[in-house]
Amino acid sequence: MLNLVLFGPPGAGKGTQSDLIVEKYNLIHISTGDLLRAEIKAQTELGTIAAAKIEKGELVSDDIVIGMIKNKLAANLNAKGFIFDGFPRTTAQAEALDVLLKEVNMSVSCMLSLEVETPELLKRLLERGKVSGRADDQDESIIMNRMAAYNSSTLPVKEYYKAQGKQFEIQGVGSIQEIFESICAVVAP
Ligand code: AMP
């Protein structure tokens, strides 16, 4: 069972690399950002609550995202493994993930942290905003809020996995293929 956490700030390339990893290792892709956007599109109650946070570039509450992960795990118990993209984003989420995986005799195999400097992230997000249509990628002040949330709430997650000996830094600048090869070298050396 291979359970990967793909970590990094907004715009680091988590989605792009997830697609390649899923194809190579045959994993179930769980992106909490995608799941939340699906809830918003379906106009669910959860989606309405999430939208209020996402529009401001703030994190959605731990309870909501942990609940979504729990449902996804339960629905895919026969999977070869999972790639968690954009989750966990707080230490509480990381702790909850460990508990949920343990309940089904699984654990996080490793955490891959995509390293990209802030000016490059800003450039990438604004570019992506033009094609994705995502409002939170188009407004510089929302992007800066997302970066602030990353620095204050999400960065500690790195330490959480470092303490478990599971954290690996990946240079997130270069060609998509080069970055992917660095990831593969860690996942299956
Ligand atoms: P993403 O698509 O991963 O960039 O996520 C878009 C937005 O969804 C974020 O800016 C957060 O508001 C929210 N979000 C996604 N994943 C999480 C998470 N694990 N915890 C809290 N909020 C999240």
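Preceding block: the structure.
Being a predicted model, the structure only gives us computed values, none of them experimental.

**Q** For this particular structure, what's the right way to read the packing of helix 4 (residues 62–75) against helix 5 (residues 91–103)?
**A** Relative orientation of the contacting elements helix 4 and helix 5 amounts to 25°, with a least axis distance of 10 Å. The pairing of helix 4 with helix 5 is recorded here as roughly parallel in orientation. In this structure, the crossing between helix 4 and helix 5 has a hand that is right-handed. Contacts between helix 4 and helix 5 involve D62, V65, I66, I69, K70 and L73 from the former and A92, Q93, A96, L97, L100 and L101 from the latter. Looking at side-chain class alone, the contact of helix 4 with helix 5 contains nine nonpolar, one polar and two charged residues.

**Q** Is there a simple way to think about the site of the ligand in this case?
**A** The full set close to the ligand counts 16 residues, and T32, R37, E58, R89 and Q93 are the nearest of them. A distance of 2.6 Å separates an oxygen atom of the ligand from a polar backbone atom of E58. Note that a nitrogen atom of the ligand is positioned 3.0 Å from one of the backbone N or O atoms of G86. About the coverage of the ligand: the protein hides 96% of its 480 Å² of free accessible area. Looking at the shell around the ligand, the element that brings in the most residues is helix 2 (residues 32–41), giving four residues. Residue composition of the shell around the ligand, grouped by class: six nonpolar, four polar and six charged.

**Q** When you look at helix 2 in this model, what are you seeing that I'm missing?
**A** Turning to helix 2, its buried residues are T32, G33 and L36. Viewed end-on, helix 2 has its buried residues packed into an arc of 100°, placing them on one side of the element. On its buried face, helix 2 is in contact with strand 2 (28–31), helix 3 (45–54), helix 4 and strand 3 (81–85). Of the residues flanking the end of helix 2, it is Q43, one or two places downstream, whose phi is positive at about 55°.

Analysis parameters
- Residues numbered from 1 in each chain as written.
- Predicted model: local features only at pLDDT ≥ 70, side-chain atom pairs only at ≥ 80, totals over all residues.
- Heavy atoms only, no water.
- Axes fitted to C-alpha atoms, helices over the stretch in contact; angles between N-to-C directions.
- Helix = DSSP H or I, 4+ residues; strand = E, 2+ residues; numbered from the N terminus.
- Parallel < 35°, antiparallel > 145°, perpendicular 65-115°, else oblique.
- Left-handed = near helix turned anticlockwise from the far one by under 90°.
- Contact = heavy atoms within 4.5 Å.
- Nonpolar A, V, L, I, M, F, W, Y, C, P; charged D, E, K, R; others polar.
- Near = heavy atom within 4 Å.
- Polar contact = N/O pair within 3.5 Å; in protein donor to acceptor, adjacent residues only side chain to side chain.
- Areas by Shrake-Rupley, 256 points an atom, 1.4 Å probe, with all protein chains shown as cover.
- Buried < 20%, exposed > 50% of the residue type's maximum accessible area, 1.4 Å probe, protein only.
- Arc of directions from axis to C-beta.

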